[in-house]
Structures are given as structure tokens and as C-alpha cells.
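# Inside the fold
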Amino acid sequence: MTQPPTPTADTVRRLVRSLLKEGAGGASGPEVRPVAAGGEYSTWWVGTRHVLRLAPDRDTAVRQRRELRLRDLMRPHLPVAVPASVAHGEWAPGLTYTLDTVIPGGTAEEHDVSAVGEADLAGLLTGLREVPVRQAETLGVPRTPPRSLEALRRMAVAAAERLAADDEFDPARLLQLTPQGAAQLAAQPGTAVLAHHDLKGEHLVVSADGRVRGVLDWTGTAVGDPAEDIAGLAVAVGSGAAVRAATLAGYGARPCLRGLWLARCDTVIRLTDRLEGRDDSPLPLLRTQLRRAWEAILLERVTELREDTEDDDEL
């Protein structure tokens, strides 16, 4: 089986010169430099105004083509920016690229989200719920079944014992989520929405004043459990901000608490995976995400969840 080509700086320079023909950056074109955290793509800064993402294999190329179509479907519904492509095509046979305009700002790892920024996140969650699911699925967006919180809880309990041995985490904290509580927080039928499904600090574009200006990397988007995005926000900006944003978006206690516990279990498991060599994420980031997800919030005082129609009264 033929190995896909690996993009190099020369590959990127030639492609960029063919796309930006106005002489930007002089005869040699604008400066190109790799992005340190490019995820599954080969990602490059192009000057100061553009970013180039190259799919390294055909599976990623399929997701990138889908993402380009999905952006256009979502854009009218979202109050924050999604990347806009100024050029796209193939950089090698069957392998795609998109040259996007940079959304100005830092990340949620660099800037704290303000109260107004939480309203931006609420608008994001509201807008995703408004995107027509059938149209998204027509574009090839997959439908993902909700995860079992009880199965995740059991994994987190085992992982927490490993963290306790390294004095990283008190496993007694997980006793707050009982098997009965996990069952009570199971995803409800008929609640599937379009979900980013990979919300984290590096995917949120945040300005210095704390406003959320955009959301990046929609290749993992799925039709599924809205609590997954609430969980992502808990990891990215903290449980308090995530729950306040979800509440502003109209979500009741059940999906908010479900998202909170998804995030808490996930962060315990991910830190354990890192310590045991199954993950190469930076340890300081994983510890920060654990701290954010385990912030105590007022909503946890809710001891009995009624039907979703009554959730707002419990908040």
C-alpha cells in the first residue's frame, strides 16, 4: 500500500504561492511556519492573516470536505465566527487542503472568558441546537449514540485509584456520582442536536476582553448528545462557566449535570492515561483541565431530577 506523501515547508510554499498570486510577502510569497498544535492535520501559519490545513490521509480528507460544507450550513445560526475558506482543493491526489482566514484572538487557554463571553457560549449552544439535523446528516455528518455515564464512572473509579497512588486526586470525590445517579443522568431520547464534539480551550478563539469570537476545527462534529459540548466547555472554561452558559441556552439541570460528570470522569481517565504512557498530552494542561472540571457548583445541590420540563425550576 502506497504511503501518503508528507507535506514539507517547500510543499506548503509552492501551494501558497499558487493560491496567493497578488505578490503578498514579496516574490517568495508570505512566510510559512508550522503550527505547534495542529492535531490530525498538517497545519501552517501563512503570513499573519491565513492558516493552511492539509489532510495527511484520505479519511481526514473526507472529514475536511464535509467540514467545508458544514460551515456554510452552520454560519447563519451561530453568533460566533467559524473559519472561512479563501481557497480549497487537493494538495496531492485525494488529499485536501483549506486555506482559511485567521479569526483574530487567542485561545481559552490564553484568555479567561468573561461574563459576556459566557453569553457568547450560550449563543453557540443555542445556535447548534437550531441547525437542522436532517440537513447536517445529508452532508454526511454522523449520528453518534450517547455514552454510558455508568460505564464511564466505573472506568473513572479505577483510574482514580491510580491517581491517588501518585497523590494526584482524591478518589473519594467520585463517590458523589453513584450508580443510581449515573442512571438518572442518562441521555434522554429525542434530544440529539448538532454538537461540535471536541470543544476545548484551543478550539475557542477568545479576545483579550474575554469575548468568544470564534470556534475552530469542526471535523469531529456529530449529531448526538448535547451534554458532550457542555462537558467540553467544562474542560475548556470551567464547570461554573459551562453550566451558566448551558443554562442561558435553555438547558435544564439534567443535561447540565450530565455534561459536568462526563467532563469529570473524562479528565480523571485522561490524566491516568498520560501517567501510564497511553497519552502524550502535556501534563500541566491535563491537570488544569481536571481542576476546571471539578470546580464545585451550586447546581450539584440538586438531589432529585424531575422531568426536563421542570428542570428550570430546580435551577
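Heads up: the structure comes first, above all this text.
If you're wondering where the values come from, they're calculated on a predicted model, not measured in any experiment.

## Remarks on unusual backbone geometry
Of all residues except glycine, most have a negative phi; of all peptide bonds, most are trans. Positive phi, close to 60°, is recorded for D167, a residue that is not glycine. Relative to the helices and strands, D167 resides in the loop between α5 (149–165) and α6 (179–184). When its relative accessible area of 71% is taken as the criterion, D167 is described as exposed. Residues other than glycine seldom take positive phi values, yet D217 does so here, at roughly 55°. Following the sequence through the fold, D217 ends up in the loop between β9 (212–215) and β10 (222–224).

## A word on the packing of helix α3 (residues 115–130) against helix α7 (residues 227–237)
Relative to each other, α3 and α7 sit at 160°, their axes nearing to 12 Å. What the angle tells us is that α3 and α7 run roughly antiparallel. Note on packing geometry: the crossing formed by α3 with α7 is right-handed. Residues L121, L125 and L128 of α3 form the contact with α7, whose participating residues are D229, L233 and V237.

## What to know about the sheet that holds β9
Spatial ordering of the open sheet is given by β6-β8-β9, a layout of 3 strands whose pairing is antiparallel. Looking along the sheet, the strands with just one partner apiece sit at the ends: β6 (106–107) and β9.

## Some remarks on the sheet that holds strand β5 (residues 95–101)
Taken in spatial order, the 5 strands line up as β1-β2-β3-β5-β4 in an open sheet, and their pairing is antiparallel. The open sheet is flanked by β1 (32–34) and β4 (85–92), the only strands paired with a single partner. Pairwise comparison of adjacent strand axes, ignoring direction, gives a mean angle of 25° for this sheet. With 6 bridges joining them, β4 and β5 adopt antiparallel strand pairing. Bridge pairing links E90 to T96 in β5. Across the sheet, helix α1 (residues 9–19) is in contact with β1, β2 (42–46), β3 (50–54), β4 and β5; its angle to β3 comes to roughly 120°. With respect to the sheet, helix α2 (residues 58–74) is in contact with β3, β4 and β5, its orientation differing from that of β5 by roughly 40°.

## Focus: the pairing of β9
Here 3 bridges tie strand β8 (residues 204–206) to β9, and the two strands are oriented antiparallel to one another. From the neighbouring strand, V206 faces β9, where its bridge partner is V212. As consecutive antiparallel partners, β8 and β9 are separated by 5 residues, and within that stretch G210 has a phi angle of approximately 90°, a positive value.

## Observations concerning the packing of α7 against helix α9 (residues 253–275)
Here α7 crosses α9 at 55°, and the two axes come no closer than 7 Å. Here α7 lies oblique to α9, going by the angle between them. Regarding α7 and α9, the two cross each other, and that crossing is right-handed. Residues A227, E228, I230, A231, A234 and V235 of α7 lie in contact with α9, whose contacting residues are P255, C256, R258, G259, L262, A263, T267 and R270. A breakdown of the residues in the contact of α7 with α9 according to their chemical character gives 9 nonpolar, 2 polar and 3 charged.

## Overview of the side chain of E67
As for its placement among the helices and strands, E67 is situated in helix α2. For E67, a relative accessible area of 1% puts it in the buried group. A distance of 2.8 Å separates the side chain of E67 from the backbone nitrogen of W218, its partner in a polar contact. When residues no more than four places from it in sequence are discounted, the contact partners of E67 are Y41, R53, D217, W218 and T219.

## A closer look at the nonpolar core
Membership of the largest hydrophobic core comes to 69 residues, with the highest contact counts inside it found for M74, L121, L124, L194, L204, V237 and V268. Ranked by residues supplied to this core, first place goes to α9 with 11 residues. Those residues in contact with L121, other than ones at most four positions away along the chain, are V113, L204, V212, L233, V237 and A245. By size, the runner-up hydrophobic cluster in this structure holds 15 residues, among which are V12, L15, V16 and L99.

## Some details on the pattern of salt bridges
Evaluation of the coordinates by the stated rule reveals 25 salt bridges. Here R13 and D10 are joined by a salt bridge, their closest N and O atoms 3.0 Å apart. Taken as a pair, R13 and D10 lie in helix α1 at a separation of 3 residues, close to a single helical turn. In this structure, R75 engages D72 in a salt bridge whose closest nitrogen and oxygen atoms are separated by 2.9 Å. Overall, the relative accessible area of 52% leaves D72 in the exposed class. Salt bridges sharing common partners tie together R53, E67, R71, D100 and D217.

Conventions adopted
Residues numbered from 1 in each chain as written. Predicted model: local features only at pLDDT ≥ 70, side-chain atom pairs only at ≥ 80, totals over all residues. Heavy atoms only, no water. Helix = DSSP H or I, 4+ residues; strand = E, 2+ residues; numbered from the N terminus. Buried < 20%, exposed > 50% of the residue type's maximum accessible area, 1.4 Å probe, protein only. Axes fitted to C-alpha atoms, helices over the stretch in contact; angles between N-to-C directions. Parallel < 35°, antiparallel > 145°, perpendicular 65-115°, else oblique. Left-handed = near helix turned anticlockwise from the far one by under 90°. Contact = heavy atoms within 4.5 Å. Pairing = 2+ DSSP bridges. Nonpolar A, V, L, I, M, F, W, Y, C, P; charged D, E, K, R; others polar. Polar contact = N/O pair within 3.5 Å; in protein donor to acceptor, adjacent residues only side chain to side chain. Core = buried A, V, L, I, M, F, W, Y, C linked by side-chain atoms within 4.5 Å. Salt bridge = Lys/Arg side-chain N within 4 Å of Asp/Glu carboxyl O.

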